[in-house]
Amino acid sequence: MPLLVMKFGGTSVGDLARIENAAKKVQREVERGYDVIVIVSAMSGKTNELVGWVEGTSKLYDAREYDAVVASGENVTAGLMALRLQEMGVPARSWQGWQVPINTTSAHGSARFVSIPRENIDAKFAEGFKVAVVAGFQGLSAEGRITTLGRGGSDTTAVAFAAAFGAERCDIYTDVDGVYTTDPRVSDKARKLNKIAFEEMLELASLGAKVLQTRSVELAMRYKVRLRVLSSFEDTDENSGTLVCDEEEIMESKVVSGIAFSREEAKITLFTIEDRPGVAQAIFGPLAEAGVNVDMIVQNISEKDYDDSHPGAVTDMTFSCPINQVERARKAMEDARAAGVIKYDELIIDTDVAKVSVVGIGMRSHTGVAAKMFKALANEGVNIKVISTSEIKISVLIDRKYMELAVQALHDAFELEKA
């Protein structure tokens, strides 16, 4: 039988009525002739509740016990979904991660997949079961302990199962009806995309679009798993939602497919550092060790400074990072200076910035995208602080107060409201 993977997020299974609604969508796919693997998240709010219980019990908790507690939310949903399907006459069985087994690394809280053997689930399909309901977000370490994959891990679980079982498609059901050209709450001209390439979706996810978890898109791109993003709360058919696929499936791409943004950004500048080989390593090595996720980097042109404190060439270095990592970054730089690893005169932190990006695989073969972007921002009086580019993306750091204006201006400039 053809096989389909269907994933339901926390809001899609938030109570018994929503679980029943999701089960009806599964039943329709079974009636169309599919065997179905359903991946479920914990009911909305439950993971936060479980995390709160752990932290309320032990501030310096054992990561293995944390995983054992936090993974239980998905187990409850899987059992309830299987029961609902059985009540509807659909032969279904629930599976916890250790029962499959979903083999992972031993990095508790951020485990990665090692293998997903097919034998146990295939045997149940052979017996006549039509649906395997699998608890997402969890796995089993080589030591036999429950592991979890990190937030958003159920998306990644769904893609991994689609790859392991050669599924025809992986449908991700969520509280939005697809991937939009930008957030509809920021621009009322935002348009739902029928198709988007893996690379574009990966960029949008990494830049702050919260429709899909970044690791899930990486995995889908690697194994060519066709993803479809759909709403749990609307009637759907084979043309609903947004298909995330290989760019060969997209006949003609627009130059720019979407505008992404992130409010949670900070800009950090180190003034008057030595311009010498190894200085970048002296800065970004300690930042990496401190777990700071550096994004945009700009180094100024070197200047000569022959006074006693700076007997050679000096420069400035600016980089951005998530705003919740600022204090880690500050401490890493101050510790590095105290240890003599690096010298700088001043460290300035700006936490009132936002990142806005244009993304599109069509940028590979078209010129003038940067010029159009910068003109649109200039026309609105938006000053650019930092610029970063890749083959299919241009990102700028701007004052946060102009973020929504910038998104709307760029959406209009690239006429993304038009199909």
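The coordinates are above.
Each chain has its residues counted from 1, running along the sequence as written. Thresholds applied to this predicted model are a pLDDT of at least 70 for local features of residues and 80 or more for the giving and counting of side-chain atom pairs; totals over whole chains, interfaces and linings are not thresholded and use all residues. Side-chain measures were taken over the full set of non-hydrogen atoms in the model, leaving aside hydrogen atoms and water.

### Focus: the overall build of the protein chain
Right, on to step 1. A tally of regular secondary structure across the protein chain gives 12 helices and 19 strands.
Right, on to step 2. With the radius of gyration taken over C-alpha atoms, the globule rule is written as 2.2 Å times the number of residues to the power 0.38. What you see for the protein chain is a C-alpha radius of gyration of 24 Å, in line with the 22 Å of a compact globule of 419 residues.
Right, on to step 3. Dimensions along the principal axes, computed over C-alpha positions, put the protein chain at roughly 80 × 50 × 35 Å.
Right, on to step 4. Put simply, the protein chain has 419 residues, and 50% of those count as buried.
Right, on to step 5. Taking the intrachain contacts of the protein chain between residues at least 6 apart in sequence as the baseline, contacts between residues at least 24 apart amount to 74%.
Right, on to step 6. Exposure was quantified through the Shrake-Rupley algorithm and a 1.4 Å probe, taking into account, for residues, occlusion by the shown protein chains and nothing else. For the protein chain, the accessible area works out to roughly 19,300 Å², and carbon and sulfur atoms hold 48% of it.
Right, on to step 7. Positive: Lys, Arg. Negative: Asp, Glu. His and the chain ends are not part of the count. Charge placement uses NZ in Lys and CZ in Arg. For Asp and Glu, CG and CD serve respectively. Separation of charge centres in the protein chain, based on 48 positive and 61 negative side chains, amounts to 3 Å. The way it works is that DSSP assigns letters per residue, a run of H or I at least four long becomes a helix, a run of E at least two long becomes a strand, and they are numbered from the N terminus. Buried means the residue's accessible area, taken with a 1.4 Å probe over protein chains only, is under 20% of the maximum for its type, while exposed means over 50%, and partly exposed covers the values in between. Residue contacts are defined here by distance: any two heavy atoms, one from each residue, within 4.5 Å place the two residues in contact.

### Focus: helix α10 (residues 326–338)
Right, on to step 1. Each helix should span, by expectation, one fewer than its residue count multiplied by 1.5 Å. With 13 residues, α10 ought to run about 18 Å at 1.5 Å a step, and its terminal C-alpha atoms sit 18 Å apart, in line with that.
Right, on to step 2. Next to the buried residues of α10 lie β13 (258–274), α9 (279–289), β16 (313–322) and β17 (346–359).
Right, on to step 3. Once α10 ends, the next one or two residues include Gly 340, with phi positive near 80°.

### A closer look at the environment of Ala 378
Right, on to step 1. With respect to the secondary-structure elements, Ala 378 resides in helix α11 (residues 369–379).
Right, on to step 2. A relative accessible area of 52% means that Ala 378 is categorised as exposed.
Right, on to step 3. Placed 28 residues apart in sequence, Ala 378 and Ala 406 show a C-alpha to C-alpha distance of 9.7 Å.

### Here's the deal with the packing of aromatic side chains
Right, on to step 1. Ring pairs shown here join Phe, Tyr and Trp side chains whose ring centres sit within 6.5 Å, with only the six-membered ring taken for Trp; geometry is labelled stacked below 30 degrees between planes, edge-to-face above 60, and tilted in between. Considering all chains together, one arrives at four aromatic pairs under this definition.
Right, on to step 2. Each ring, one from Phe 161 and one from Phe 165, has its centre 5.9 Å from the other, and the planes form 10°; the classification is stacked. Here Phe 165 and Phe 161 lie together in helix α6 (residues 153–165), a separation of four residues that amounts to about one turn. Just as Phe 161 is buried, Phe 165 falls in that class too.

### As for the pattern of salt bridges
Right, on to step 1. A side-chain nitrogen of Lys or Arg and a carboxyl oxygen of Asp or Glu constitute a salt bridge if their distance falls within 4 Å. Considering all chains together, one arrives at 28 salt bridges under this definition.
Right, on to step 2. Here Arg 263 ties to Glu 404 by a salt bridge, and the two come within 3.3 Å at their closest N and O atoms. Taken as a pair, Arg 263 in strand β13 and Glu 404 in helix α12 (residues 403–413) lie far apart in primary sequence, 141 residues in all.
Right, on to step 3. Residue classification places Glu 404 among the partly exposed positions, given a relative accessible area of 37%.
Right, on to step 4. The network of salt bridges with common partners includes Glu 199, Glu 247, Arg 364 and Glu 391.

### A few points about the nonpolar core
Right, on to step 1. Ranked by size, the top nonpolar core spans 40 residues in total, and within it Val 5, Ile 37 and Phe 161 carry the most contacts.
Right, on to step 2. Ranked by residues supplied to this core, first place goes to α6 with six residues.
Right, on to step 3. Sequence-distant contacts of Phe 161, that is, excluding residues within four places in its chain, are made with Val 5, Ile 37, Ile 39, Val 100, Ile 102, Ile 116, Ile 121 and Val 134.
Right, on to step 4. Definition used in this section: a nonpolar core is a set of buried Ala, Val, Leu, Ile, Met, Phe, Trp, Tyr and Cys residues joined via side-chain atoms within 4.5 Å. Tyr 34, Met 81, Leu 85 and Ala 92 belong to the second-largest nonpolar core, a separate cluster that totals 24 residues.

### Some words on the packing of helix α2 (residues 46–57) against helix α3 (residues 63–70)
When two helices pack together, their arrangement is given by the angle between the helix axes and by the axis-to-axis distance.
Right, on to step 1. Direction vectors running N to C along α2 and α3 enclose 145°, while the axes themselves pass 9 Å from each other. Both α2 and α3 take part in a crossing whose hand is right-handed. Across the interface between the two elements, Thr 47, Leu 50, Val 51 and Val 54 from α2 touch Tyr 66, Val 69 and Val 70 from α3.
Right, on to step 2. Here the residues of the contact of α2 with α3 sort into six nonpolar, one polar and no charged. For helices, the axis comes from a line fit to the C-alpha atoms of the stretch in contact; other axes are also lines fit to C-alpha atoms, and the angle between any two N-to-C directions lies between 0 and 180 degrees. Take the far helix as your reference; a near helix turned counterclockwise from it by less than a right angle gives a left-handed crossing, and one turned clockwise gives a right-handed crossing. Side-chain classes are defined by residue name, with Ala, Val, Leu, Ile, Met, Phe, Trp, Tyr, Cys and Pro counting as nonpolar, Asp, Glu, Lys and Arg as charged, and the others, Gly among them, as polar.

### A few points about the sheet that holds strand β2 (residues 35–40)
Right, on to step 1. Only strands that DSSP links by at least two bridges are regarded as paired with each other. Spatially, the eight strands line up as an open sheet ordered β3-β6-β2-β1-β9-β11-β12-β10, and their pairing is mixed. What marks the edges here is a single partner per strand, and that holds for β3 (92–95) and β10 (195–197). Averaged over neighbouring strand pairs, the angle between their axes works out to 20° when direction is ignored.
Right, on to step 2. Where helix α1 (residues 16–31) meets the sheet, it contacts β1 (3–8), β2, β6 (131–135), β9 (169–174) and β11 (227–231), and its direction lies at approximately 170° from that of β1.

### Some words on the side chain of Arg 215
Right, on to step 1. You can see Arg 215 is positioned in helix α8 (residues 214–223).
Right, on to step 2. Buried charge without a partner: Arg 215 forms no salt bridge, and the closest opposite charge is Glu 218, 5.9 Å away.
Right, on to step 3. Non-local contacts of Arg 215, meaning those with residues more than four positions away in its chain, are made with Ala 111, Arg 112, Leu 149 and Thr 156.

### Observations regarding the state of the cysteines
Right, on to step 1. For the purposes of this analysis, a disulfide is any pair of cysteine sulfur atoms at a distance within 2.5 Å. Under the defined criterion, the tally for this structure stands at zero disulfides.
Right, on to step 2. Here Cys 170 is not cross-linked by a disulfide; its sulfur's nearest cysteine counterpart is in Cys 245, at 14 Å.
Right, on to step 3. Using a relative accessible area of 0% as the deciding quantity, one classes Cys 170 as buried.
Right, on to step 4. Given the relative accessible area of 0%, Cys 245 is considered buried.

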